[in-house]
Amino acid sequence: MIVGQQKKFDEIWEMVKGFRKVMVLGCNTCIAVCHAGGDKEADALASMLKIKAANEKVSMDVSHGAIQRQCENEFFTPVLEDLAKYDLVLSIACGVGVNFLSARIGKTPVYPGVNTQFFGGVPKPGFFEELCGGCGSCVLNLTGGICPIARCSKSLMNGPCGGTNKGKCEVSQDIDCAWFLIVERMKQLGTLEKLFEVQPPRDWSGSFHGGPRRVVVEHLRDIEEKQ
Amino acid sequence: MKSGSNLEKVIKSGQPAVTAELGPPMSADAHEVIKKANQLKGFCDAANITDCQTAVVRISSIAAAYIALREGLEPVMQMTCRDRNRIAMQADFLGAAALGLKNCLCIAGDHQSFSAAGRLKGHPGAKNVYDVDTCQLVGIMKKMRDEGLQQGGDKLEVAPKFFIGASWTPMGDPIDFRPYNLKKKVDAGADFIQTQGIYDMELFKVQMEKARNLGLHERTAVLAGIIVPKSAMMLKYMDSSVAGVSVPKELIQRMLKAKDAAGDDKKKAKELQEQEGMKITVELIQQALEIPGIKGVHVQAIEWESAIEHIVKAAGLYPRPDFSE
Ligand code: SF4
Ligand code: SF4
């Protein structure tokens, strides 16, 4: 899932304070799971904005709502017309939702209420960790299912750097060294010798470094064209 | 000869090689480099010129290496994977070779967060590169030198001829993988290896035996890294906080004893600890050179380049071999 955190309230207030009619719009998929931008958070944020506006004697009309996904057309159909009536939509979806809505809403600005961070998992409640960097060319088969791109602070492909310290990454004692984990996992799988081979320089053109990416699934396009 | 560098000649001659380290200054002060180069000249076969170590902005390795070369000190330029992509790296190799540099050490580089770990503000918000890692960088240099090709495949009319080095942390985690870490660097093309600072010689011997069992000592020249200890505090810090470094208790005790011998005299305590530190260094050098497969030592006197002369002489490694025609 996509993981993000709500921006600091002061930063949100600075963005929002000049607008009279504001809609706080949540998204009920990934970003709701990490308690940053679902309908509950939209409700809470709208209340905070109302209180702040009252305290600051700013006349501001704040509403809130949420849709199932801010990254697909079909979920916007029922609400798009209504959203266009606001001076500002503060989207607390991930950055994808903000982009997507912004391209469809017409003249109303859409501002981000969330800092979108990474693709991650939820190993335990309230804990989210980055597990994939969307590099466009997956090598998890070579590394025991542990991503060296997203989980090694230097995205190393050929083993640990000199900074590994008691299984932790040199960047912080809170970060597990991905290569420490990879070596342990490969031992467990009985495939350690796979790591002895030198991996050549990567082709990063399929990652973000090749420019913005698109995926086209031909058979789905064909169905749509027929309809 | 792969590069014709002095370091390569010394290693080829079978005599124990001595490399040292020169840290460029955090300002545009060439004199600092010149001063340190002259302190090291004649007492080592080549000196590493660090590449923004601990991610702190300093005179670039190539520029400082060129200044050192002009002073008559053979440099080992360093190249981290942190700051450059493969385009910038290869461009710098061409430029460095054109300037007459002949040795290069490839390293991953400390993460940029290190730059603000001490007293400095640093640049912890910098973006890092890591387009390629150390093994891949070594491979790129080798391909340029031996095949006359850029990494992408384009031809080089004149290939840069470098003696290629890589670092090795023999006692880092996960320790049983470390010999294979070395093997990968050698497979990629590392002609010489400089290790992380070693204080625990017994453990290092074990790791070297594993390296020998893989035949690596015959395919690369391993130079044992020795970091000159300055004080008991420094040894304690290295033991507790530096990855892949463990310091035997006896060594810390010896430094503490030297410190205590000075009583309340702080200046004397510093002097006595420095003397003890040099003594320890000489002993470590001698022990390291006895280990089968070790081809030399890499002695790092961090911000204390003037200590090298004494250490090298006391270790019986002076004068250095002279290959100048
Ligand atoms: S290798 Fe690439 S695609 Fe696979 S998990 Fe890592 S970042 Fe994601
Ligand atoms: S310590 Fe481990 S995770 Fe951190 S940069 Fe080095 S290899 Fe990568």
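Keep in mind that this is a model prediction, so the values were computed, not measured. (Residues numbered from 1 in each chain as written. Chains lettered and ligands numbered in written order. Predicted model: local features only at pLDDT ≥ 70, side-chain atom pairs only at ≥ 80, totals over all residues. Heavy atoms only, no water.)

Let's shift gears to the site of ligand 1. Taken together, C132(A), G133(A), G134(A), C135(A), C138(A), V139(A), L140(A), C147(A) and I149(A) make up the full set of residues adjacent to ligand 1. Across the shell around ligand 1, the residue classes break down as seven nonpolar, two polar and no charged. (Near = heavy atom within 4 Å. Nonpolar A, V, L, I, M, F, W, Y, C, P; charged D, E, K, R; others polar.)

A word on the pairing of strand β1 (residues 17-22) of chain B. Residue and element names in this part refer to chain B. Within β1, six of the six residues are buried, which leaves the element mostly enclosed by the surrounding structure. The pairing of β1 with strand β8 (residues 294-300) spans three bridges and is classified as parallel. Looking at the pairing, T19 lines up with H298 of β8. The parallel pair β1 and strand β2 (residues 46-49) is bridged by helix α2 (residues 30-40), and the resulting crossover is right-handed. (Buried < 20%, exposed > 50% of the residue type's maximum accessible area, 1.4 Å probe, protein only. Helix = DSSP H or I, 4+ residues; strand = E, 2+ residues; numbered from the N terminus. Pairing = 2+ DSSP bridges. Right-handed = clockwise from strand over helix to strand, strands pointing away.)

Our next topic: helix α8 (residues 232-241) of chain B. All names here are of chain B. Taken residue by residue, α8 has A232, L235 and M238 as its buried positions. Considered in projection along α8, the buried side chains sweep an arc of 130° and stay on one side of the axis. Exposed residues pointing more than 90 degrees away from the buried face of α8 are listed as M233 and Y237. Taken together, the buried residues of α8 touch β7 (221-227), α9 (249-260) and α10 (266-290). (Arc of directions from axis to C-beta. Contact = heavy atoms within 4.5 Å.)

Another point: the site of ligand 2. Near ligand 2 there are 13 residues, and of these C152(A), C161(A), C169(A), E170(A) and C177(A) occur at the shortest range. Tallied by class, the residues present in the shell around ligand 2 amount to eight nonpolar, three polar and two charged.

Let us now look at the domain arrangement of chain A. Each assigned domain of chain A is listed with its residue range as follows: domain 1 (2-118) and domain 2 (137-210). One C-alpha centre belongs to domain 1 of chain A, the other to domain 2 of chain A; they are set 37 Å apart. (Domains from an automatic or database assignment.)

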